[in-house]
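Working through the structure, step by step
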Amino acid sequence: DIQMTQSPSSLSASVGDRVTITCRASQIVGNSLNWYQQKPGKAPKLLIYAVSHLQSGVPSRFSGSGSGTDFTLTISSLQPEDFATYYCHESYLFGPGTIVDLK
Amino acid sequence: QLQESGPGLVKPSQALSLSCSVSGGSISTGSSYWSWIRQHPGKGLEWIGYIYHSGTTYYNPSLESRVTISLDTSKSRFSLKLTSVTAADTAVYYCARALEYYPLVVAFDSWGQGTLVTVSS
């Protein structure tokens, strides 16, 4: 079975910081890697699909990259509304999440 | 838009049943998989399963023996039934649309607001 891990599990950052979150799969997953943002009490929101494609309406400060088993979500300049939990997702598996909070 | 409905409290050993109403688009769209996902309190996301407009279903192997997802295209809704529930099934249950962007690339692009189901006597 595929296992998904994310690192770090949490991070503290300031507005304007560049933030990078990593997702690693235990086996090659092709390009079916997606990223979601979830705020407390809300449903997750799709940010990136197929590794690097920005979902419609998502700000361009979000980007995704990677291949094979290692993938990255980058927020180029963290905004106040970006403090949330981020999940990677492949097919039927979600990563454990990365909490981004205010330093 | 998607909207979950169903009981917020279920007794242990009974069945949990939820429905999801779909509006603003056809539930028969060829590239859409109608999905259920849950989130245990304070925890991460767990995919339960999805159903294609043809009626074909795909379930999480860890839940497959207890899960049934069905589709009612005439009412534009789909449903979840989870049998023999325990306290471990207490979670927020989301319905979502999984869109097939490319072959083998599926992402959940639209979600309901979620509904908390508590299993307790």
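Quantities reported herein were computed from a predicted structural model and do not represent experimental measurements.

Quick notes on the pairing of strand β2 (residues 10-13) of chain A
All names here are of chain A. Only one face of β2 is covered, namely the face carrying Leu 11 and Ala 13; the face carrying Ser 10 and Ser 12 is uncovered. Two strands pair when backbone bridges link them, and β2 and strand β11 (residues 98-102) are joined in this way by four bridges, in the parallel orientation. Following the sheet pairing, Ala 13 is matched in β11 by Leu 102.

Side note on the environment of Leu63(B)
Residue and element names in this part refer to chain B. Considering the arrangement of structural elements, one finds Leu 63 in the loop between β6 (57-59) and β7 (67-72). A relative accessible area of 4% means that Leu 63 is categorised as buried. Once residues lying within four places of it in the same chain are set aside, the contact partners of Leu 63 are Arg 38, Glu 46 and Ile 48.

Let's talk about the pattern of salt bridges
One side chain can pair with another of opposite charge once the charged atoms of both are near each other. Using the criterion set out here, one finds seven salt bridges over all chains in the structure. We note a salt bridge from Arg24(A) to Asp70(A), for which the minimum N-O separation is 2.5 Å. With a gap of 46 residues between them, Arg24(A) in strand β3 (residues 19-25) and Asp70(A) in strand β8 (residues 70-75) connect regions that are remote in the sequence. Classification of Arg24(A) by relative accessible area gives partly exposed; the value is 47%. Here Arg61(A) and Asp82(A) are joined by a salt bridge, their closest N and O atoms 2.8 Å apart. One end of the pair, Arg61(A), is in the loop between β6 (53-54) and β7 (62-67); the other, Asp82(A), is in the loop between β8 and β9 (84-90), and 21 residues separate them in sequence. A relative accessible area of 1% means that Asp82(A) is categorised as buried. One network of salt bridges, in which partners are shared, links Arg38(B), Glu46(B), Arg66(B) and Asp89(B).

What to know about the interface of chain B and chain A
Contact with chain B, which involves 18 residues of that partner, is made by 17 residues of chain A. Between chain B and chain A the total buried area reaches about 1,500 Å² when both faces are included, carbon and sulfur atoms providing 63% of it. Counting every contact that joins chain B to chain A gives zero salt bridges. Between chain B and chain A we count eight residue pairs in polar contact (both at pLDDT 80 or more) in total. Ranked by residue count, the leading element in the side of chain B that touches chain A is strand β10 (residues 105-111) of chain B, at six residues. Partitioning the side of chain B that touches chain A into residue classes produces twelve nonpolar, three polar and three charged.

Scoring rules and cut-offs
Residues numbered from 1 in each chain as written. Chains lettered and ligands numbered in written order. Predicted model: local features only at pLDDT ≥ 70, side-chain atom pairs only at ≥ 80, totals over all residues. Heavy atoms only, no water. Buried < 20%, exposed > 50% of the residue type's maximum accessible area, 1.4 Å probe, protein only. Helix = DSSP H or I, 4+ residues; strand = E, 2+ residues; numbered from the N terminus. Pairing = 2+ DSSP bridges. Contact = heavy atoms within 4.5 Å. Salt bridge = Lys/Arg side-chain N within 4 Å of Asp/Glu carboxyl O. Buried area = accessible area lost by both parts, 1.4 Å probe. Polar contact = N/O pair within 3.5 Å; in protein donor to acceptor, adjacent residues only side chain to side chain. Nonpolar A, V, L, I, M, F, W, Y, C, P; charged D, E, K, R; others polar.

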